There are 2 protein chains.
Amino acid sequence: MSTYKAPVDDVMFLLRDVLNIEQYGNLPGFADASPELVEAILVEGARVCEEVLQPLNASGDQEGCRRAEDGSVATPKGFREAYAEFAAGGWMGLAASPEYGGQGLPHTVAAAINEFSSSANMAFAMYPGLTMGAAAALYVHGSDEQKQTWLPNMLSGKWTGTMNLTEPHCGTDLGLLKTKAARQPDGSFRITGTKIFISAGEHDLTENIVHLVLARIEGAPEGVKGISLFVAPKFLLNADGTPGARNAVSCGSIEHKMGIHGNATCVMNYDGATAWLVGEENRGLNAMFVMMNEARLGVAIQGLAQSEVAYQNAAQYAKERLQGRALTGVKAADKPADPIIVHPDVRRTLLSIRAFNEGARAFVLWNALKADIAHRSPDKATAEAADEVLGLMTPVLKGVLTDVGFDNAVKAQQMFGGHGYIVETGAEQFVRDARIAMIYEGANGIQALDLVGRKLPRNGGRAAMAFFGELQQFVSENEADEKLAPFLKALGKSAGHLQQATMWFMQNGLKNPDNAGAGSTDYMHMLGLVAIGYMWAKILKALHAKKAAGETLTPALEAKFVLADFYAQRMLPETGAQLARISAGADAVMALPAEAF
Amino acid sequence: MSTYKAPVDDVMFLLRDVLNIEQYGNLPGFADASPELVEAILVEGARVCEEVLQPLNASGDQEGCRRAEDGSVATPKGFREAYAEFAAGGWMGLAASPEYGGQGLPHTVAAAINEFSSSANMAFAMYPGLTMGAAAALYVHGSDEQKQTWLPNMLSGKWTGTMNLTEPHCGTDLGLLKTKAARQPDGSFRITGTKIFISAGEHDLTENIVHLVLARIEGAPEGVKGISLFVAPKFLLNADGTPGARNAVSCGSIEHKMGIHGNATCVMNYDGATAWLVGEENRGLNAMFVMMNEARLGVAIQGLAQSEVAYQNAAQYAKERLQGRALTGVKAADKPADPIIVHPDVRRTLLSIRAFNEGARAFVLWNALKADIAHRSPDKATAEAADEVLGLMTPVLKGVLTDVGFDNAVKAQQMFGGHGYIVETGAEQFVRDARIAMIYEGANGIQALDLVGRKLPRNGGRAAMAFFGELQQFVSENEADEKLAPFLKALGKSAGHLQQATMWFMQNGLKNPDNAGAGSTDYMHMLGLVAIGYMWAKILKALHAKKAAGETLTPALEAKFVLADFYAQRMLPETGAQLARISAGADAVMALPAEAF
């Protein structure tokens, strides 16, 4: 049986000491979010996640969702009650606009709560998570009337939301989509088609479900330029805004999946469902991107979240499991064997997970703060600069945190030996659940391509230059500090590899785009390693400042010095191999004819 | 739905052109195994695997094994018939001694068939696989009478075998085991205790099951020096050798596992079961090692096998799935989109799997040939030298082929996008099945420790020196050949890293064993990369020789030039990062107190 304890203290350290959120009092929502209030929110959020959501994680996986003959879908036992409590606590609209009933708190705080809920019960957390993605798209692209109609009940959790993009023959390439929208005299549309892999497409948690759907209006151009976004609720609304007649959208089946069994992944059949256009005609993809960028940060957090909970359980087991003796002599003479935590390879494994997690958590919050600045800063240039860096880092967050998060769940499972393969232990569920995060909201190969093909060259590489500049400035300002120098030296070496790789792309990617494609995944991971390394540098600096101020550090903070060393010695060197692979280019990769595969 | 085609041609190329098995005609079994006969065996074995075993792979996973109230266990539908056909075909005792009904063929051939059957249906292949491991232990350590009693029916597949080592509180550290053996006046023993994770512990495939069990004879010393090996059949034998009375050993439950659902993983209860000592008293671990070394090679093959079948299905999908357009312009203008095989990142992923698989297959067969030489060479020095290198490489095979095999199954799953997460596609089963291979028969961390702690330093490092010497000789003999030079240069660089790492261990591992432990997994993978690189060098040489002889190469052989380039450019550079991690030593790894984890 797995357990989970939300890392409230670590988040508070990062918000207060590393990101200095108190200095952002000029942003809406931040002035009201004093450190004391944020801590109180995190503590209560942690309680809900630990006590309400986590106990349903294994049972939800075992039971799964069931579709009845009539197309209704039952979520696992306990999910309804847990959802009601989660919604009633105001956890869904934490960072959403107060105008529509949201709490208006910083995204930075909501990101932390997202990590907690995804660690506690990823399948559950997807119901509110997708709702917030759909709400974000409506908020940006919906008409005032649409926002008034849908947002209050979504932000309160009374209704949930979905995103309907994928069709059997198209996922990444939405230009191929076939779902049709027929214009009606009253300005509404009738939608017909089949959507697959629709998370939370049907369930019994709420009285209504708000579907956002991509479809092609009759007569619209082919390809991505003919796609529009629609809102189509499960139940049409009565004049008083309450759910009325059933709309012609239904769950045809639920998928048998590797994991996230507690979330209903549906085939959705639209049989002339009534829907309304959201935003401009034929600009649906644009509107969907709002939702997807929000969702990508959420998926990145899922990767971190599974890595965190997997670590916690593996570390606990390693401290308890007695097996063999330390290489350097008996450590627990009073016991029949030493706990396996005495073994260097066990520690190496656990430290590699934790050094990633704690750096990745900083990276998530650093990016969430960029989102807050981008959305809320009164200074347009500041907002745009933040948005550009966030745009650059979104594929990195999504690709790296989910790839490594999954690897870490696998490593954590390994700590249990044979017991890790047994369902009841819980470690294998983290692996199965974490696996989807590498795939959905744009498979990680697509993230890598988005990074090197679009985000990196955009505006003449301005975002990357801004990030490199910030990093370089940090190094310059601190390299004379002998406490930071060893770490900064290792980081500088990897940053140098990153700049060489960037240069290599500039010189070779233009003349042959396949050179960029062949190195894209390595580049994404390299940028992730350096960016998380930068977070570790900021963490180290904050720790030394606390010490210099005479504070006594907690053992968890003291451990960060070792984790930073580990990161520098054992994780950053990978950039050398990545640079070698990137520089190899596309020749061998593209040499074979397709039929030779 | 997955498909599978056994790589018969590749095996034949490796056996004939790379390993030159015709030159081993002096070994028993080899003279009779002409290339033509071997090919005929492989073709027929491939047919059985493709047509009989593979069609049961997904259904076996879905259905799993079921234990009835009476403790009997039903295997999935079709397994009984498939097993009967497999046994009747003589596939079980392929390489076993003709003295007891085996076919006496080279292990090298059996290893290839093992790969085919594990690719086709890993859960199924474990039933015969474990039987052969148990038979090997009986063959080496059993009395003549025991061999006569048990081996013929095991080698024919009439009965299966198991290994009973693990108990709830001990897996790796068998010194802790509690199962008791009480000596009886007639020389037999009564065994009492509980064993867990017993693969094929109970099933309905055969009329009897031969359990090999580790237990402690009453009064024996504590720890590993008091463990003995016993044979305890499910049914005691009548005087005529047929199964008679039920023995007091039964399946208490079957485990709920992440994968290999078609294999019954049992909790076995011994309630005074009648058993007979195998080999010497208190020397059970010694006897078990025979079984475990055999099994480790088998598990390594499982890693390769899942990687291979995962590759085949992913490559096929990538050639068929239409999505997006090539970065370099439309490739399939007549279709709504290009097949995803046009994308460099897709190719990079597939090539990384295949470059590993084809090198790893050579490495498996090269080692299997060492096993043949070790067991069969009339020259003692030759046999011992082969055995030493095989001993060195056994943990590398097991650790590297299963770690990378699993990673490759994950990569292959990624090629399917969202469809890869759906059970019906089949890709996720390969991931779940492959996962166990990293754990059982000694978790991979233990393999790494066995390598750096025992196999590497044994006899003054003789085995490693022999391998390095062989590799160096190959490089010296061929580096002037300009066709081989680029590859040998890359290989030489990685081999240099390996030698530096070895030296580092010699200098730092003795004064602090934790330094060796902290680098053990990286070292294991480094040795694997170099050894498989050596295989690629041998493959390249064989290919150039064929070309020089005027042969026209098949497209599959032509592709190997590209795969070797890929291996040199994109896989070997990892040794640089591995060396950096190894050289970092144990300081950061061991710095934290246990409670800080």
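Everything quoted here is computed from the prediction, not taken from an experiment.

A.B. asks: Please set out helix α16 (residues 555-571) of chain B residue by residue, giving values where relevant.
C.D. replies: Residue and element names in this part refer to chain B. For α16, built from 17 residues, the straight-helix expectation of 24 Å at 1.5 Å per residue is met to within 8% by its first-to-last C-alpha distance of 23 Å. If you look at α16, its biggest bend is around 25 degrees, right at Phe561. Most of α16 is tucked away: twelve of the 17 residues are buried. Among all positions in α16, only Leu557, Ala559, Lys560, Phe561, Val562, Leu563, Ala564, Phe566, Tyr567, Ala568, Arg570 and Met571 are buried.

A.B. asks: Lay out the state of the cysteines in plain terms, naming residues and giving numbers.
C.D. replies: Covalent bonding between the sulfur atoms of two cysteines defines a disulfide. Residue and element names in this part refer to chain A. Scanning the entire structure with this criterion turns up zero disulfides over all chains. You can see Cys170 has no disulfide; the closest cysteine sulfur is in Cys266, sitting 18 Å from it. With a relative accessible area of 0%, Cys170 lands in the buried category.

A.B. asks: Give a description of the UniProt feature "domain: Acyl-CoA dehydrogenase/oxidase C-terminal" (unreviewed entry) in chain A that names residues and reports values.
C.D. replies: Residues annotated by UniProt as "domain: Acyl-CoA dehydrogenase/oxidase C-terminal" (unreviewed entry) correspond here to residues 282-451 of chain A. This span, residues 282-451 of chain A, is 73% helix and 0% strand, and a straight line between its end C-alpha atoms measures 25 Å.

A.B. asks: A description of the interface of chain B and chain A should follow, citing residues and the corresponding values.
C.D. replies: Chain B puts 89 residues into the contact, and the matching count from chain A is 89 residues. A combined buried area of about 7600 Å² lies between chain B and chain A, and 61% of that area is made up of carbon and sulfur atoms. Its largest share of buried area at the contact with chain A, chain B owes to Tyr421(B), Arg570(B) and Phe597(B), together 13% of the area lost on that side. Taken together, chain B and chain A are joined by two salt bridges.

A.B. asks: Tell me about the domain arrangement of chain A, and please be specific about residues and values.
C.D. replies: All names here are of chain A. One can read the domain layout of chain A as domain 1 (287-451) and domain 2 (458-591). Each of domain 1 and domain 2 was reduced to a C-alpha centroid, and the two centroids are 18 Å apart. Counting residues at the interface gives 29 residues for domain 1, matched by 29 residues for domain 2. Both sides of the domain 1 and domain 2 interface together cover about 2400 Å² of buried area, and 77% of this is carbon and sulfur. Three residues, Ala355, Trp366 and Glu388, lead the burial of domain 1 against domain 2; their summed loss comes to 22% of the area buried on that side. One salt bridge in this structure joins Glu358 and Lys560, with 2.7 Å as the shortest N-O distance. The element best represented in the side of domain 1 that touches domain 2 is helix α9 (residues 344-376), accounting for 13 residues. Among the residues forming the side of domain 1 that touches domain 2, the class breakdown is 18 nonpolar, five polar and six charged.

A.B. asks: Mind laying out the UniProt feature "domain: Acyl-CoA oxidase/dehydrogenase middle" (unreviewed entry) in chain A, listing which residues take part and the relevant values?
C.D. replies: Residues annotated in UniProt with the feature "domain: Acyl-CoA oxidase/dehydrogenase middle" (unreviewed entry) correspond here to residues 163-271 of chain A. Between the first and last C-alpha atoms of residues 163-271 of chain A the distance is 17 Å; the span itself is 0% helix and 49% strand.

A.B. asks: I'd love a proper account of the relation of the copies chain B and chain A, names of residues and values included.
C.D. replies: The operation relating the pair of chain copies consists of a rotation about an axis and a translation along that axis. The operation relating chain B to chain A is a screw motion whose rotation component is 180 degrees, with 0.0 Å of axial translation and a residual RMSD of 0.0 Å. The operation mapping one copy onto its partner corresponds to a two-fold rotation axis. Measuring from the rotation axis to each C-alpha of chain B, the shortest distance belongs to Ala577(B), at 3.1 Å. A shared interface surface links the copies, since 100% of the contact residues of chain B are contact residues in chain A too.

A.B. asks: Quick rundown of the nonpolar core? Include the residues and the values.
C.D. replies: Tyr523(A) and Tyr523(B) are the most contacted members of the largest nonpolar core, which totals 434 residues. Setting aside its immediate chain neighbours within four residues, Tyr523(B) contacts Leu451(B), Val452(B), Leu456(B), Phe468(B), Leu498(B), Ala501(B), Thr502(B), Phe505(B) and Ile582(B).

A.B. asks: An account of the pattern of salt bridges is requested, with residue identities and associated values reported.
C.D. replies: Between side chains of opposite charge, pairing is possible as soon as their charged atoms come close. Residue and element names in this part refer to chain A. Enumeration over the complete set of coordinates arrives at 61 salt bridges over all chains. A salt bridge links Glu470 to Lys370; the shortest N-O distance between them is 3.9 Å. Residue Glu470 is located in helix α13 (residues 458-478), and its partner Lys370 is located in helix α9; the two are separated by 100 residues in the primary sequence. A relative accessible area of 25% places Glu470 in the partly exposed class.

A.B. asks: Mind laying out the packing of aromatic side chains, listing which residues take part and the relevant values?
C.D. replies: Residue and element names in this part refer to chain A. According to the stated counting rule, one finds 33 aromatic pairs over all chains in the structure shown. The rings of Phe363, Trp366, Phe467, Phe468, Phe474 and Tyr534 are connected pair by pair, giving a single aromatic cluster. Geometry around Tyr139 places Lys147 over its ring, the cationic atom sitting 5.2 Å from the centre.

A.B. asks: Describe the side chain of Gln302(A), and please don't skip the residues or the numbers.
C.D. replies: Residues and elements named next belong to chain A. Residue placement: Gln302 occurs in helix α8 (residues 284-320). Overall, the relative accessible area of 8% leaves Gln302 in the buried class. Residues in contact with Gln302, not counting those within four places in the same chain, are Ser118, Met122, Met126, Ala437 and Tyr440.

A.B. asks: I'd like a rundown of the pairing of strand β7 (residues 227-233) of chain A, residues and numbers included.
C.D. replies: All names here are of chain A. With seven of seven residues buried, β7 lies mostly within the body of the structure. Residue alternation in β7 divides its side chains into two sets, Ile227, Leu229, Val231 and Pro233 and Ser228, Phe230 and Ala232, and both sets are buried. Pairing analysis gives seven bridges linking strand β6 (residues 209-217) to β7, with the strands arranged antiparallel. Residue pairing in the sheet places Leu214 in a bridge with Leu229 of β7. Across three bridges, the pairing between β7 and strand β11 (residues 265-278) is antiparallel. Residue pairing in the sheet places Phe230 in a bridge with Leu277 of β11.

A.B. asks: Describe the environment of Arg67(B), with residues and values.
C.D. replies: Residues and elements named next belong to chain B. Following the sequence through the fold, Arg67 ends up in strand β1 (residues 66-67). Spatially, the C-alpha atoms of Arg67 and His203 are 8.8 Å apart, while their sequence positions differ by 136 residues. When near neighbours in sequence (up to four residues on either side) are disregarded, Arg67 contacts Ser72, Val73, Cys251, Gly252, Ser253 and Ile254. Here Gly252 takes part through its backbone oxygen, which lies 3.3 Å from a polar atom of the side chain of Arg67.

A.B. asks: An account of helix α10 (residues 380-414) of chain A is needed here, citing residue identities and associated values.
C.D. replies: All names here are of chain A. Between its terminal C-alpha atoms α10 stretches 49 Å, which fits the 51 Å expected from 35 residues at 1.5 Å a residue. The sharpest bend along α10 reaches about 35 degrees and sits at Met393, with the proline Pro395 one to four residues further on. With 27 of 35 residues buried, α10 lies mostly within the body of the structure.

A.B. asks: Could you give an account of the environment of Glu428(A), with specific residues and numbers?
C.D. replies: By the element assignment, Glu428(A) lies in helix α11 (residues 427-437). Separated by 326 residues in sequence, Glu428(A) and Gly102(A) place their C-alpha atoms 36 Å apart. When neighbours within four sequence positions are excluded, Glu428(A) is seen to be in contact with Gln413(A), Gly420(A), Tyr421(A), Ile422(A), Val423(A) and Met258(B). Separated by 2.8 Å, the side chains of Glu428(A) and Arg432(A) make a polar contact.

A.B. asks: Give a description of the pairing of β6(A) that names residues and reports values.
C.D. replies: Residue and element names in this part refer to chain A. Burial analysis of β6 places nine of its nine residues in the buried class, which makes it a mostly covered element. Where strand β3 (residues 160-164) lies against β6, five bridges are found, and the strand directions are parallel. In the sheet register, Met163 faces β6, and the bridge partner there is Leu212. The pairing of strand β4 (residues 180-183) with β6 spans two bridges and is parallel. From the neighbouring strand, Ala181 faces β6, where its bridge partner is Ile217.

A.B. asks: Summarise the packing of helix α2 (residues 35-53) of chain B against helix α4 (residues 79-88) of chain B; cite the residues concerned and give the values.
C.D. replies: Residue and element names in this part refer to chain B. Packing of α2 against α4 brings their axes to within 11 Å, and their N-to-C directions diverge by 170 degrees. As the angle between them shows, α2 and α4 are arranged roughly antiparallel. Together, Arg47, Val48, Val52 and Leu53 of α2 and Ala82, Glu85 and Phe86 of α4 make up the contact between the two elements. Class assignment of the residues belonging to the contact of α2 with α4 gives a composition of five nonpolar, no polar and two charged.

A.B. asks: So, the packing of helix α9 (residues 344-376) of chain B against helix α10 (residues 380-414) of chain B: which residues are in play, and what are the values?
C.D. replies: Residue and element names in this part refer to chain B. In the contact formed by α9 and α10, the axes pass within 9 Å of each other and the chain directions differ by 155 degrees. With respect to α10, the axis of α9 lies roughly antiparallel. As α9 runs across α10, the sense of the crossing is left-handed. Residue classes in the contact of α9 with α10 are distributed as 20 nonpolar, seven polar and three charged.

A.B. asks: Go over unusual backbone geometry, please, and point to the residues and values.
C.D. replies: Trans is the common state for peptide bonds, and a negative phi is the common state for residues other than glycine. Residues and elements named next belong to chain B. Its identity as a non-glycine residue notwithstanding, Ala200 has a phi of 60 degrees, on the positive side. Summarising the element assignment, Ala200 is placed in the loop between β5 (189-199) and β6 (209-217). Classification of Ala200 by relative accessible area gives buried; the value is 0%. Even without a glycine there, the phi angle at Ile260 is positive, about 35 degrees. On the secondary structure map, Ile260 appears in the loop between β10 (249-254) and β11 (265-278). The exposure class assigned to Ile260 is buried, which follows from its relative accessible area of 2%.

Basis of the calculations
- Residues numbered from 1 in each chain as written.
- Chains lettered and ligands numbered in written order.
- Predicted model: local features only at pLDDT ≥ 70, side-chain atom pairs only at ≥ 80, totals over all residues.
- Heavy atoms only, no water.
- Helix = DSSP H or I, 4+ residues; strand = E, 2+ residues; numbered from the N terminus.
- Expected span 1.5 Å × (residues − 1).
- Bend = angle between axes of the 7 residues up to and from the residue.
- Buried < 20%, exposed > 50% of the residue type's maximum accessible area, 1.4 Å probe, protein only.
- Disulfide = S-S within 2.5 Å.
- UniProt positions renumbered as here; feature names shortened; annotations may be inferred.
- Contact = heavy atoms within 4.5 Å.
- Buried area = accessible area lost by both parts, 1.4 Å probe.
- Salt bridge = Lys/Arg side-chain N within 4 Å of Asp/Glu carboxyl O.
- Domains from an automatic or database assignment.
- Nonpolar A, V, L, I, M, F, W, Y, C, P; charged D, E, K, R; others polar.
- Least-squares fit on C-alpha atoms with pLDDT ≥ 70 in both.
- Core = buried A, V, L, I, M, F, W, Y, C linked by side-chain atoms within 4.5 Å.
- Phe/Tyr/Trp six-rings, centres within 6.5 Å; stacked < 30°, edge-to-face > 60°.
- Lys NZ or Arg CZ within 6 Å of the ring centre and 35° of its normal.
- Pairing = 2+ DSSP bridges.
- Polar contact = N/O pair within 3.5 Å; in protein donor to acceptor, adjacent residues only side chain to side chain.
- Axes fitted to C-alpha atoms, helices over the stretch in contact; angles between N-to-C directions.
- Parallel < 35°, antiparallel > 145°, perpendicular 65-115°, else oblique.
- Left-handed = near helix turned anticlockwise from the far one by under 90°.

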